[in-house]
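Breakdown of the fold
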Amino acid sequence: MTTTQQSLPMILDEVEVVRVERLSPSFVRVELGGACLADFGVDGPLYDQRIKLVLPHEDGPVPSFEGADDSWYATWLDRPVAERGHMRTYTVRDVVGEGPDTRLVVDIVVHPDDHGAPGPGCAWAARAAVGDRLVLIAPRRGDFYGGIEFQPGTASRLLLVGDETAVPAVCAILGHLRPDAVGAAFLEVPTSADVLTVPHPEGVEVVWLPRDGADHGAPLRAAVLHHLGVGAPAVGSDEPDEVDPDLWETPTYSSSGEEVEGAATVVGHDLDGIYAWIAGESGVVTALRRVLVKDLEVDRRQVAFMGYWRRGVAMRG
Ligand SMILES: Cc1cc2nc3c(=O)[nH]c(=O)nc-3n(C[C@H](O)[C@H](O)[C@H](O)COP(=O)(O)OP(=O)(O)OC[C@H]3O[C@@H](n4cnc5c(N)ncnc54)[C@H](O)[C@@H]3O)c2cc1C
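Residues numbered from 1 in each chain as written. Predicted model: local features only at pLDDT ≥ 70, side-chain atom pairs only at ≥ 80, totals over all residues. Heavy atoms only, no water.

Glancing now at the pairing of strand E13 (residues 274–281). Counting buried positions along E13 gives 8 out of 8 residues, so the element sits mostly inside the fold. Relative to E13, strand E8 (residues 157–162) is paired through 6 bridges, and the arrangement is parallel. From the neighbouring strand, glycine 162 faces E13, where its bridge partner is alanine 279. One ladder, built from 6 bridges, connects E13 with strand E14 (residues 303–309); its direction is parallel. Paired with isoleucine 278 across the bridge in E14 is phenylalanine 305. At this point the chain moves from E13, through helix H6 (residues 282–295), to the parallel E14, and the crossover so formed is right-handed. (Buried < 20%, exposed > 50% of the residue type's maximum accessible area, 1.4 Å probe, protein only. Helix = DSSP H or I, 4+ residues; strand = E, 2+ residues; numbered from the N terminus. Pairing = 2+ DSSP bridges. Right-handed = clockwise from strand over helix to strand, strands pointing away.)

Here we come to the pattern of salt bridges. The full count for this structure, using the stated rule, is 19 salt bridges. Taking the shortest distance from any N to any O, the salt bridge between glutamate 31 and arginine 19 comes out at 3.3 Å. Within this pair, whereas glutamate 31 is found in strand E2 (residues 27–33), its partner arginine 19 is found in strand E1 (residues 10–24), the two being separated by 12 residues in sequence. The partner of glutamate 281 in a salt bridge is arginine 310, with the nearest N and O atoms 2.8 Å apart. Placement of glutamate 281 in strand E13 and of arginine 310 in the segment after E14 is noted, with a sequence separation of 29 residues between them. Judged by its relative accessible area of 24%, arginine 310 is partly exposed. (Salt bridge = Lys/Arg side-chain N within 4 Å of Asp/Glu carboxyl O.)

In space, the 7 strands of this open sheet follow the order E10-E9-E8-E13-E14-E11-E12, with mixed pairing throughout. Each of the sheet's edge strands pairs with one partner strand only, and the pair in question is strand E10 (204–210) and strand E12 (253–254). Pairing analysis gives 5 bridges linking E8 to strand E9 (residues 183–189), with the strands arranged parallel. By the bridge assignment for E9, leucine 160 is matched with alanine 185. Its contacts with the sheet put helix H4 (residues 167–176) on E8, E9, E10, E13 and E14, and the angle it makes with E9 is roughly 155 degrees. Lying on the sheet, helix H5 (residues 218–227) is in contact with E8, E9 and E10; it crosses E9 at an angle near 165 degrees. (Contact = heavy atoms within 4.5 Å. Axes fitted to C-alpha atoms, helices over the stretch in contact; angles between N-to-C directions.)

This next bit is on the packing of H5 against H6. Contact geometry of H5 with H6 gives a least axis separation of 10 Å together with a crossing angle of 15 degrees. Compared by their axis directions, H5 and H6 come out roughly parallel. Of the two possible hands of crossing, H5 and H6 adopt the one that is right-handed. Along the contact surface, H5 presents Leu220, Arg221, Val224 and Leu225, while H6 presents Val284, Ala287, Leu288, Arg290 and Val291. Of the residues that constitute the contact of H5 with H6, the class distribution is 7 nonpolar, no polar and 2 charged. (Parallel < 35°, antiparallel > 145°, perpendicular 65-115°, else oblique. Left-handed = near helix turned anticlockwise from the far one by under 90°. Nonpolar A, V, L, I, M, F, W, Y, C, P; charged D, E, K, R; others polar.)

Below, the discussion takes up the environment of cysteine 122. Assignment of secondary structure puts cysteine 122 in helix H3 (residues 120–127). For cysteine 122 and arginine 88, which are 34 residues apart along the polypeptide, the C-alpha to C-alpha distance reads 9.8 Å. Not counting residues up to four positions away in its chain, the partners in contact with cysteine 122 are Tyr90, Val109, Val110 and His111.

Another aspect to go through is unusual backbone geometry. Across the chain, the bulk of peptide bonds are trans and the bulk of non-glycine residues have phi less than zero. In this model, aspartate 59 sits at a positive phi of 60 degrees, which is unusual for a non-glycine residue. Among the structural elements, aspartate 59 can be located in the loop between strand E3 (50–55) and helix H1 (72–77). We classify aspartate 59 as exposed; its relative accessible area is 81%. With phi around 55 degrees, glutamate 297 is a residue other than glycine that occupies positive phi space. Residue position: glutamate 297 is located in the loop between H6 and E14. Assessed through its relative accessible area of 42%, glutamate 297 is described here as partly exposed.

Here the focus is the packing of aromatic side chains. Applying the stated criterion to the full structure yields 7 aromatic pairs. Each ring, one from phenylalanine 65 and one from tryptophan 72, has its centre 6.1 Å from the other, and the planes form 65 degrees; the classification is edge-to-face. Measuring from ring centre to ring centre gives 6.1 Å for tryptophan 248 and tyrosine 308, while their planes differ by 15 degrees; the resulting arrangement is stacked. Placement of tryptophan 248 in strand E11 (residues 248–250) and of tyrosine 308 in strand E14 is noted, with a sequence separation of 60 residues between them. Here tryptophan 248 matches tyrosine 308 in class, with each residue buried. (Phe/Tyr/Trp six-rings, centres within 6.5 Å; stacked < 30°, edge-to-face > 60°.)

Right, dumping it as structure tokens:
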């Protein structure tokens, strides 16, 4: 049964898993198909386009959005979790096919959990099989949806930084860049076996950083500081900043309510012209934010910091 909601400015519809591939120990690739995807699209490159998946609760029904209107989210939240399932955020890694055969490719991290059972998104991906049904919330061609944060403007040099949850976004961004793009991408993954092959412009160096047992974020932090020419001990204090679990700061939005418009252009060194896009675990992103914004005084308008998940905190929904 489909739940097409033509009255809403996005796709909110049932889709089916049409392909599953275990890319590596930590990544499961699912391909989602459905007639509604004929309407999928955005105005321009997808870059880090985010989508929502509403996954059925264990042994529960596929959540129904029949008759949904503008209050669909509040109405959905009001239902018991066994009925409404779990809403999780992911990235469109790729789009294949066309028309009614359009399929969205989504790469999902199958993560070990330090605090007990894996989250529902991880658990769903680990057992995903062709024929599984779920609900997709995604941009519909011709309607504004948002959800693309990668906006480098006229930057002359890129810095892309992500842990495994941001690997799909960075890989998608790399695939959409102009061939003459210049910069570097640092990607931290759980193990050496998770290093993927990704096409990228020649001028963008792609550095994979397998954790292989190190602390989450440690390889990323060391590599990014080195890239920026900053020695770790020389930068600020080692006091961890307070971590905003909803950390989301882009040139146009600040989760902490910081002034965005009118921020001074302070950069007085060779970071002029850089655009940094940094996503992953909130604590790791917060630490890198401190280096770029507080220590190196990079203009807020040159950076996007996004907490994709927070250690020990389940995503809402
Ligand atoms: C814009 C955006 C795009 C995203 N794109 C992707 C994507 O393409 N692929 C992807 O896999 N994720 C992506 N994420 C991250 C994903 O939404 C979170 O990891 C989410 O918490 C996973 O849900 P869950 O049900 O598995 O775990 P939750 O129920 O949210 O959390 C359960 C427990 O697992 C922990 N946890 C959550 N994620 C991880 C992890 N990766 N490693 C270790 N522990 C973890 C939590 O801290 C918590 O303790 C994205 C997030 C955002 C905001």
